[in-house]
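One-letter residues, chain by chain:
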Amino acid sequence: MCGRYAQSRNVHQLQLAFALPEEAREQEDDPRSWPPLEELDPDYNISPGRPVYAVLGPPPRGEGTGAPGPRTLHTMRWGLVPSWAKDRNVGYRMINARSETVADKPAFRTAYRRRRCLIPADAYYEWQLLNKDGTAEASTSPATDPQHRRRKAKAAKKPFSVHYTGDEPLAMAGIFERWRDPEVDDERDPAAWVWSCAVITTEAAPELAHIHERMPVVVPREDWAAWLDPSSGPDRLERVLHETPVERFAVDEVSTEVNSIKNNGPDLLEPTAGDGADQLETLF
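Note that the coordinates shown come from a computational prediction; the quantities given were computed from them, not determined experimentally. (Residues numbered from 1 in each chain as written. Predicted model: local features only at pLDDT ≥ 70, side-chain atom pairs only at ≥ 80, totals over all residues. Heavy atoms only, no water.)

Here we come to the pattern of salt bridges. Applying the stated criterion across every chain, the model contains 11 salt bridges. In this structure, Asp43 engages Arg50 in a salt bridge whose closest nitrogen and oxygen atoms are separated by 3.3 Å. The class of Asp43 is buried, set by a relative accessible area of 7%. Judged by relative accessible area, Arg50 falls into the partly exposed class, the value being 39%. A salt bridge links Arg214 to Glu100; the nearest nitrogen and oxygen atoms lie 2.8 Å apart. On the criterion of sequence distance, the pair formed by Arg214 in strand 12 (residues 214-216) and Glu100 in the loop between strand 5 (96-98) and helix 2 (109-114) is long-range, its members being 114 residues apart. On the basis of relative accessibility, which here comes to 5%, the residue Arg214 falls in the buried class. Owing to a relative accessible area of 42%, Glu100 belongs among the partly exposed residues under this scheme. Here the salt bridges do not stand alone but share partners, grouping Arg9, Asp122 and Asp167 into one network. (Salt bridge = Lys/Arg side-chain N within 4 Å of Asp/Glu carboxyl O. Buried < 20%, exposed > 50% of the residue type's maximum accessible area, 1.4 Å probe, protein only. Helix = DSSP H or I, 4+ residues; strand = E, 2+ residues; numbered from the N terminus.)

Here you go:
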């Protein structure tokens, strides 16, 4: 799974990284039409429910001319709230969508077909379990491991950050939705609409499976257009879900300070003493 990540780039830096127009798209008069864009502070410990950046391609309907690919940058809430949900808090349980079921699950299937995005990250965090006898084992997902809670409760957690080897943001595969807040009467009030997103995950590659059994789908640059193209069919999307460029990843053990969402700052991404090159050589 992906339950925490870091993103420090500002709007201008993300526009450059994703080859977006430097002049921001004019905000729609109708807040139902398209998500907003706000300047967010660097966040090195993003947790569910936080506002995050998302890169979108062409709208599903209208403005269909031009080449597919990254078009605009927006802000959304992390944790997908389906349009039919009664409460926005359901999003805290929908921060991830499994690649194996995203096309079929009622909460995700419409967004997967029509509303896909890229979620930028400096790195994502994952935790390995440390047993009392000193042995380490991969963390598991509650969706596949009935003993997940018991296993997690009995073990300490060793955090790692996963990022590209160069200075390039990860582009995590995402989906997004729009939810109408029934407590706001005026539909034209921006507060009446919650735009939210989820990160798609898949089975961890062998190089990462000793840390956690799942990993986010990361879309390589050459697949950005296909992922964001509203006309991409199931076969094309399925291919993208299996092309995370793990061979370009670096993995650092980081401080347990990241375990608490109260801690935030660039130091959370600093490798801990005793990690470094030896660690990477054993992984790749």
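Past the structure itself, the notes keep going.
Residues Phe18, Phe108, Tyr112, Leu118, Ile175, Ile200 and Trp227 are the most contacted members of the largest nonpolar core, which totals 37 residues. Contributions of two or more residues to this core are made by helix 1 (11-17), strand 3 (51-56), helix 2, strand 10 (170-180), strand 11 (193-203), helix 4 (224-228) and helix 5 (234-241). Setting aside chain neighbours within four positions, we find Phe18 in contact with Val55, Pro70, Leu118, Pro120, Pro169, Ala171 and Trp224. In this structure, Trp78, Cys117, Tyr164 and Ile211 belong to the second largest nonpolar core, which totals 35 residues. (Core = buried A, V, L, I, M, F, W, Y, C linked by side-chain atoms within 4.5 Å. Contact = heavy atoms within 4.5 Å.)

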